[in-house]
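# Coordinate inspection notes
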Amino acid sequence: MNYSKGKSSNKFNLLNILFPPHCLICGKETNGEGICDDCKKTIEYLNYPLIEHKKNIYFYAITRYSGVMEKAVKILKYKKRKIIAKDLSKIIIHFVEEQGIHFDYVAFIPMTRFEQTERGFNQTYLLAKEVSTAYQIPILMSLKKVKRTDKQVGLNKKEREENLKGAFRMEEAVKGDVLIVDDVYTTGSTAREITKTMVRKTKSNIYFVALSRKID
Ligand SMILES: [Zn+2]
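Residues numbered from 1 in each chain as written. Predicted model: local features only at pLDDT ≥ 70, side-chain atom pairs only at ≥ 80, totals over all residues. Heavy atoms only, no water.

## Notes on the layout of surface pockets
Gaps between atoms show up when a probe of the same size as a water molecule is rolled over them. Taken as a whole, the largest pocket holds about 950 Å³ of empty space. Around the largest pocket sit 35 residues that line it, and Lys 77, Arg 119, Gln 123, Lys 151 and Gln 152 are the ones nearest its centre. Elements with a minimum of two residues in the lining of the largest pocket: helix 3 (67-79), helix 5 (113-119), helix 6 (123-135), helix 7 (157-164), strand 6 (178-185) and helix 8 (189-199). With four residues, the single largest contributor to the lining of the largest pocket is strand 6. Tallied by class, residues from the lining of the largest pocket come to 11 nonpolar, 11 polar and 13 charged. (1 Å grid on protein atoms, 1.4 Å probe; cavity = no way out; pocket = protein on both sides within 12 Å on 5 of 7 lines; lining within 4 Å. Points joined across faces, edges and corners; volume = space filled by probe spheres on them. Helix = DSSP H or I, 4+ residues; strand = E, 2+ residues; numbered from the N terminus. Nonpolar A, V, L, I, M, F, W, Y, C, P; charged D, E, K, R; others polar.)

In structure tokens:
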């Protein structure tokens, strides 16, 4: 078991020498990261990340969805590059530490089985997995998407809310604070619908944290 583990990491190092990693945004060589330091410097952090706070629910967005962040999220969303999930999860980890947010579980935005099969993966699950590994805490799997919905793109706020109504379900009660990670916060309809579903099953804090926010 250990042998195969060691073998794969040697293989990885050798691959790094033969094909040094490059920034997925600008193409420059990096020290094994998906986004280089120069690109990271251009990320626009929001001065007011707290969007809303209602009782035990908090909504946050960390950065502005533009430039490097927009490109990085698109790579995560459409190309499934694990290395990008790792870089982006570090932004979330840094943020929760800075804000002093404590959580016992990490959750993601679930997809229906059909949606997941169609896309092949769930990008917010990739982020949650990185956070779960970093903190050694479980991923909350009892939050499910039970209704197939239309794509949110092109719908207005009201249509988005209508589209998502009743789309999620919590299969069991949860004891402990939950961090939900998302990639892009647009109108907040997903955030509201998910937390509305969760709050029925928990008295603990729910922190909805989006990596980026679309701001016109
Ligand atoms: Zn770069």
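## Looking at the coordination of the zinc ion
Surrounding the zinc ion are the protein donor atoms Cys 23 (SG), Cys 26 (SG), Cys 36 (SG) and Cys 39 (SG), which sit 2.3 Å from the metal. Considering all four donor atoms around the zinc ion, angles at the metal cover 107 to 115° and the coordination shape is tetrahedral. All donors to the zinc ion come from one chain, and their sequence spacing reads C-x2-C-x9-C-x2-C. In this structure Cys 26 comes out as partly exposed when scored by relative accessible area, which is 46%. (Donors = N, O, S within 2.8 Å, 3.2 Å for Na, K, Ca; no water. Tetrahedral: all angles 85-135°; square planar, octahedral: opposite > 155°, others 65-115°. Buried < 20%, exposed > 50% of the residue type's maximum accessible area, 1.4 Å probe, protein only.)

## Re helix 6
A rise of 1.5 Å per residue sets the reference length of helix 6, with its 13 residues, at 18 Å; its end C-alpha atoms lie 19 Å apart and thus fit the reference within 8%. Among the residues making up helix 6, those that are buried are Gln 123, Thr 124, Leu 126, Leu 127, Ala 128, Glu 130, Val 131 and Ser 132. Close packing links the buried residues of helix 6 with helix 3, helix 4 (82-99), strand 3 (105-107), helix 5, strand 6 and strand 7 (206-213). With its phi angle positive at about 55°, Gln 136 sits one or two positions after the end of helix 6. (Expected span 1.5 Å × (residues − 1). Contact = heavy atoms within 4.5 Å.)

## Re the side chain of Ser 132
Here Ser 132 lies in helix 6. In contact with Ser 132, other than residues within four places in its own chain, are Val 106, Ile 137 and Ile 139.

## Quick notes on the packing of aromatic side chains
One pass over the full model with this rule turns up six aromatic pairs. Aromatic side chains Phe 59 and Phe 208 sit 6.1 Å apart centroid to centroid with 50° between the ring planes, which places their arrangement in the tilted category. Note that Phe 59 is positioned in strand 2 (residues 57-64) and Phe 208 in strand 7, a separation of 149 residues in sequence. Judged by relative accessible area, which is 4%, Phe 59 ranks as buried. Between Phe 108 and Tyr 125, the aromatic rings sit 5.1 Å apart at their centres with planes inclined by 80°, giving edge-to-face as the arrangement. In this pair, Phe 108 sits in the loop between strand 3 and helix 5 while Tyr 125 sits in helix 6, placing the two residues 17 residues apart along the sequence. Overall, Tyr 125 belongs to the partly exposed group, its relative accessible area being 27%. Cluster of aromatic residues (ring-pair linked, three or more members): Tyr 58, Tyr 60, Phe 95 and Tyr 207. (Phe/Tyr/Trp six-rings, centres within 6.5 Å; stacked < 30°, edge-to-face > 60°.)

## Topic: the pairing of strand 1 (residues 50-54)
Pairing geometry for strand 1 and strand 2, over four bridges, is antiparallel. Bridge assignment links Leu 50 to a residue of strand 2, and that residue is Tyr 60. If you look at the hairpin formed by strand 1 and strand 2, you'll find two residues sitting between the two strands, and Lys 55 has a positive phi there, around 50°. (Pairing = 2+ DSSP bridges.)

## Topic: the domain arrangement of the protein chain
Domain assignment breaks the protein chain into domain 1 (1-39) and domain 2 (42-213). On a C-alpha basis, the centres of domain 1 and domain 2 stand 27 Å from each other. Taken together, the eight residues of domain 1 in the interface contact 12 residues of domain 2. Summed over both sides, the interface of domain 1 with domain 2 buries roughly 840 Å², with 68% coming from carbon and sulfur. Looking only at domain 1, the three residues that lose the most surface to domain 2 are Leu 24, Ile 25 and Ile 35, adding up to 59% of its buried area. (Domains from an automatic or database assignment. Buried area = accessible area lost by both parts, 1.4 Å probe.)

## Some thoughts on the nonpolar core
Side chains that are nonpolar tend, in soluble globular proteins, to be buried together. Core analysis: the largest hydrophobic core is formed by 41 residues, its most contacted members being Ile 25, Ile 35, Leu 88, Ile 92, Val 106 and Leu 179. Secondary structure elements with two or more residues in this core: strand 2, helix 3, helix 4, helix 6, strand 6 and strand 7. Tallying contributions element by element places helix 4 first for this core, with eight residues. When we break this core down by domain, the ones giving at least three residues each are domain 1 (1-39) and domain 2 (42-213). Those residues within four positions of Ile 35 in sequence are excluded, and the remaining contacts are Cys 23, Ile 25, Lys 40, Val 68, Ala 72, Ile 84, Asp 87 and Leu 88. Core analysis: the next-biggest nonpolar cluster, separate from the first, contains 22 residues, Ile 109, Met 170, Val 178 and Ala 191 among them. (Core = buried A, V, L, I, M, F, W, Y, C linked by side-chain atoms within 4.5 Å.)

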